[in-house]
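Residue-level structure breakdown
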Amino acid sequence: MAHFGSLEKAKRLVDLAVDAKADAVKFQIFKTEELVSGASEEWRNRLSKRELPYEAFAEIKAYCDARGITFFATAHDRPSLGYLAKLDVPAYKIGSGEVGNWGFLAEVASKGKPVILSTGMYSMDQVGEALRAMAATGNREIAVLHCVTRYPVAPGEVNLRAIQSIRDNFDVVSGYSDHTRGFHFPLAAAALGARVIEKHITLDYDVPDAQDWKVSCGVDDLHLMVAQIREIEAGLGSGEKTMTASEREGAVWARKSLVAARDICIGEVIDETMLAAKRPGTGIEPCKIGEVLGRSAREDIPKDSIICMEKLS
């Protein structure tokens, strides 16, 4: 959420998410001096301009409640995590940078709420270690997001198949936190079974000393991404291969039947040269030709007539 330290802009971003029919909005909450050491003055100066006071998040949450969208946040330090707990958020997000911070992971998991964990910059084994640290608290409600911590990510580094690998390796809800331009990779992630999709959103582009806007959706395309993900989710189906109700209505015209390839006279014995496969599929399917061959015509069968068993003996 690219609010750049503005409460008014944060609320407009909430409006953007609501208008796009997103399920939730997620902010980042931190105290710069708790997040970045004094040895990194440049980063402290950069982040301090984007920091919102704690009380602003109470106002944002109330605004989300009024607008009917779920609010939660990524806490980047322990004091911020404590404040989020007071807001009684429904879930916690943990950023990729904490995967090796097992004590913090356990503290978040011990809150007893669902947790969404991003995993950029870490290997599958390291993710497993992080999950064990969280599971030790008794919390099993953890969704794990594949992520590449780069803004933007080059297509060749996205590695969407990691979504499936995470699901298979850890038996968890898996998802995808996107840092690519556009939104075609989130759509592909949904098609691969990602159950959680995270995408940055912004109202501003070409912001100096910022990077999130490079990988964000905005007023022109967020609604398209959400709508198309919904369609993909609906299109995934059960995996069982059957004829659908809508197919059943039109199947007769798309399937083929055995027809007379030439005029067949009464008494003639049917062989393959006398038969062709043509639409519609109201007669004998071509795959059942063996049930027709060797039978005799009970009556004259004109060319192009659909073959039926009643005409054969």
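Next up on the list: the pairing of strand β5 (residues 142–147). With six of six residues buried, β5 is to be regarded as a mostly interior element. Two strands pair when backbone bridges link them, and strand β4 (residues 115–118) and β5 are joined in this way by four bridges, in the parallel orientation. Paired with V115 across the bridge in β5 is I142. For the crossover that starts at β4, traverses helix α7 (residues 124–135) and ends in the parallel β5, the hand is right-handed. The parallel pair β5 and strand β6 (residues 173–178) is bridged by helix α8 (residues 162–170), and the resulting crossover is right-handed.

It is worth spelling out the pattern of salt bridges at this point. This model, assessed by the stated rule, comprises 17 salt bridges. A salt bridge links K61 to D65, with the nearest nitrogen and oxygen atoms 3.2 Å apart. Taken together, the residues K61 and D65, both in helix α4 (residues 54–67) and four residues apart, mark about one turn of the helix. Taking the relative accessible area as the measure of exposure, K61 reaches 18% and is therefore buried. Here D178 and K199 are joined by a salt bridge, their closest N and O atoms 2.6 Å apart. Taken as a pair, D178 in strand β6 and K199 in strand β7 (residues 196–199) lie far apart in primary sequence, 21 residues in all. In this structure D178 comes out as buried when scored by relative accessible area, which is 0%. Via salt bridges that share partners, D23, R230 and E233 belong to a single interconnected network.

This part is about helix α1 (residues 7–19). With 13 residues, α1 should reach 18 Å at 1.5 Å per residue; the first-to-last C-alpha distance of 19 Å fits that figure. At the C-terminal side of α1, K21 shows a positive phi close to 65°.

Attention now goes to the nonpolar core. Counting residues in each nonpolar core, the largest one holds 51 residues, and the members touching the most others are F27, F57, I60, F71 and L84. Broken down by element, the residue count for this core peaks at six residues, all from α1. Counting residues in each nonpolar core, the second largest holds twelve residues, with L275, I284, V292 and A297 among its members.

With that settled, the discussion passes to unusual backbone geometry. Omega for the peptide link from Y151 to P152 comes to 0°, which places this bond in the cis form. Note that P152 resides in the loop between β5 and α8. Note the cis peptide between R279 and P280, where omega equals 0°. Mapped onto the secondary structure, P280 falls in the segment after β9 (275–278). We note that K21 has phi near 65°; this positive angle belongs to a residue other than glycine. Here K21 lies in the loop between α1 and β1 (24–29).

Considering all chains together, one arrives at three aromatic pairs under this definition. Ring geometry for F27 and F57: centres 6.4 Å apart, planes at 75°, overall edge-to-face. Highlighted residues: F27 in strand β1 and F57 in helix α4, separated in sequence by 30 residues. A single burial state applies to F27 and to F57, both of which are buried. Look at Y54 and Y83: their rings are 4.8 Å apart centre to centre, the planes differ by 10°, and that puts the pair in the stacked class. With Y54 in helix α4 and Y83 in helix α5 (residues 78–87), the pair connects residues that are 29 residues apart, well separated along the chain. The residues Y54 and Y83 share a single accessibility class, namely buried. Positioned above the aromatic ring of W43, the side-chain terminus of R46 is 4.5 Å from the ring centre.

Moving on, we come to the sheet that holds strand β3 (residues 92–94). Taken in spatial order, the seven strands line up as β1-β2-β3-β4-β5-β6-β7 in an open sheet, and their pairing is parallel. Sheet topology places β1 and β7 at the edges, where each strand pairs with a single neighbour. Sheet twist, expressed as the mean angle between neighbouring strand axes with direction ignored, is 25°. For β5 and β6, the ladder comprises five bridges, and the chain directions are parallel. Its bridge partner lying in β6, C147 is registered against S177.

On to helix α9 (residues 184–191). Listing the buried residues of α9 in full gives F185, P186, L187, A189 and A190. Buried residues along α9 sit in contact with α8, β6, β7 and α10 (222–236). Positive phi shows up at G193, right after α9, with a value of about 100°.

Further remarks concern the environment of L293. In this structure, L293 sits in the segment after β9. For L293, a relative accessible area of 31% gives the class partly exposed. For the pair L293 and D271, spaced 22 residues apart in sequence, the C-alpha to C-alpha distance is 5.3 Å. Those residues in contact with L293 that sit more than four places away from it in its chain are I270, D271, E272 and L275.

Thresholds, definitions, all that
- Residues numbered from 1 in each chain as written.
- Predicted model: local features only at pLDDT ≥ 70, side-chain atom pairs only at ≥ 80, totals over all residues.
- Heavy atoms only, no water.
- Buried < 20%, exposed > 50% of the residue type's maximum accessible area, 1.4 Å probe, protein only.
- Helix = DSSP H or I, 4+ residues; strand = E, 2+ residues; numbered from the N terminus.
- Pairing = 2+ DSSP bridges.
- Right-handed = clockwise from strand over helix to strand, strands pointing away.
- Salt bridge = Lys/Arg side-chain N within 4 Å of Asp/Glu carboxyl O.
- Expected span 1.5 Å × (residues − 1).
- Core = buried A, V, L, I, M, F, W, Y, C linked by side-chain atoms within 4.5 Å.
- Phe/Tyr/Trp six-rings, centres within 6.5 Å; stacked < 30°, edge-to-face > 60°.
- Lys NZ or Arg CZ within 6 Å of the ring centre and 35° of its normal.
- Axes fitted to C-alpha atoms, helices over the stretch in contact; angles between N-to-C directions.
- Contact = heavy atoms within 4.5 Å.

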